[in-house]
Amino acid sequence: MDTVYIEGLETDAVIGVYAWERGIRQKLVIDLELASDNRAAAATDAIGDAVDYDAISKAVLAYVRASEFQLIETLAERVADLVLADFDVSWLRLRLAKPGAVAEAASVGVIIERGERS
Ligand SMILES: Nc1nc2c(c(=O)[nH]1)N=C([C@H](O)[C@@H](O)CO)CN2
């Protein structure tokens, strides 16, 4: 199986468990690895046979921008659900970083893998 990836997808959302976080937007950065058999797309040279990283990026950005979860775990799970449900992707690895969350850290976040990598 091959991979299509999206790295450093930046946006912001209302996210956090503390009261002060509910009234601000905070930066989030998403990396996605998407399982894909790239041979069909390579053979036809047609976007319809490819895992479209542009379409997936737009869908993820729209969802994250409108979200208001407390935990990054919840947001990561919902984004994974969205990609697996709406695109021809059977497995993904998602890294969701909240770089401003801990002042002393370069970044904090979660990494999840969902689906079956066949
Ligand atoms: N595992 C997690 N730990 C924490 C989260 C989280 O979403 N997942 N969130 C917070 C606060 O919202 C924090 O980001 C504020 O700086 C704390 N721990």
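You'll find the structure just up there.
Conventions adopted
- Starting afresh in each chain, residues are numbered from 1 along the sequence in its written order.
- Predicted model: local features are reported for residues with pLDDT of at least 70 only, side-chain atom pairs are reported and counted for 80 or more only, and whole-chain, interface and lining totals are derived from all residues.
- Hydrogens and water are ignored here; the side-chain numbers use all heavy atoms of the structure.
- Working definition: helices are DSSP H or I runs of at least four residues, strands are E runs of at least two. Numbering for both runs from the N terminus.
- Only protein chains enter the accessibility calculation, which uses a 1.4 Å probe; a residue whose area is less than 20% of its type maximum is buried, one above 50% is exposed, and one in between is partly exposed.
- Any pair of residues with heavy atoms lying within 4.5 Å of one another is described as a contacting pair.
- Accessible surface is estimated by sampling points in the Shrake-Rupley manner with a 1.4 Å probe; for residues, cover comes only from the protein chains shown.
- Two residue types count as positive, namely Lys and Arg, and two as negative, namely Asp and Glu; His and chain ends fall outside the count.
- Think of each charge as sitting on NZ of Lys, CZ of Arg, CG of Asp or CD of Glu.
- Here an axis means a line fitted to C-alpha atoms, over the contact stretch when the element is a helix, while the angle between two N-to-C directions is reported on a 0 to 180 degree scale.
- Each crossing gets its hand from how the near helix is turned against the far one by less than a right angle, where anticlockwise is left-handed and clockwise is right-handed.
- For this classification, Asp, Glu, Lys and Arg are treated as charged, while Ala, Val, Leu, Ile, Met, Phe, Trp, Tyr, Cys and Pro are nonpolar and the rest, including Gly, are polar.
- A pair of aromatic rings is counted whenever rings of Phe, Tyr or Trp (Trp by its six-membered ring) have centres within 6.5 Å, and the orientation is called stacked for planes under 30 degrees apart, edge-to-face for over 60 and tilted otherwise.
- Comment: the charge-over-ring label is applied if NZ (Lys) or CZ (Arg) is within 6 Å of the ring centre and within 35 degrees of the ring normal.

Asks: When you look at the overall build of the protein chain in this model, what are you seeing that I'm missing?
Replies: Of the regular secondary structure elements, the protein chain holds three helices and four strands. When the helices and strands of the protein chain are read in sequence order from the N terminus, they spell out β-β-α-α-α-β-β. C-alpha atoms of the protein chain, sized along the principal axes, occupy 50 × 25 × 20 Å. Evaluated residue by residue, the protein chain yields a buried proportion of 36% over its 118 residues. Residue pairs at least 24 apart in sequence account for 59% of intrachain contacts in the protein chain once pairs closer than 6 positions are excluded. For the protein chain, the accessible surface area stands at approximately 6,800 Å², while carbon and sulfur atoms represent 51% of it. In the protein chain, which carries 12 positive and 21 negative side-chain charges, the distance between the mean positions of the two groups comes to 5 Å.

Asks: Sorry if this is basic, but what is going on with the packing of helix α2 (residues 53-66) against helix α3 (residues 72-86) here?
Replies: Between two packed helices, what matters for the description is the angle formed by their axes and the separation of those axes. For the pair α2 and α3, the least separation of the axes is 10 Å and the interaxial angle reads 140°. Between α2 and α3 the crossing geometry is right-handed. On α3, the residues that touch I56, A59, V60, Y63 and V64 of α2 are L75, R78, V79, L82 and V83. Of the residues contributing to the contact of α2 with α3, the split by class is nine nonpolar, no polar and one charged.

Asks: Explain unusual backbone geometry here, please?
Replies: Peptide bonds are mostly trans, and most non-glycine residues show a negative phi. The backbone of D45 sits at a positive phi, close to 55°, despite the residue not being glycine. Position of D45 relative to the elements: it lies in the loop between α1 (39-44) and α2. Using a relative accessible area of 72% as the deciding quantity, one classes D45 as exposed.

Asks: Any chance you could explain the packing of aromatic side chains here in plain terms?
Replies: Each aromatic ring pair is described using two quantities: the centre-to-centre distance and the angle formed by the ring planes. The tally for this structure, following the rule as stated, stands at one aromatic pair. Between the aromatic rings of Y18 and W20, the centroid separation amounts to 6.4 Å while the plane-to-plane angle is 20°, which identifies the pairing as stacked. Take Y18 and W20: they sit in the same class, and that class is exposed. Note that R117 overlies the ring of W91, its terminal NZ or CZ placed 4.3 Å from the centroid.

Asks: What is the right way to look at the environment of L82 in this model?
Replies: Inspection of the secondary structure puts L82 in helix α3. Its relative accessible area of 18% is what places L82 among the buried residues. It is 8.7 Å that separates the C-alpha atoms of L82 and Y63, two residues lying 19 residues apart in sequence. In contact with L82, not counting residues within four places along its chain, are A59, V60, Y63 and F87.

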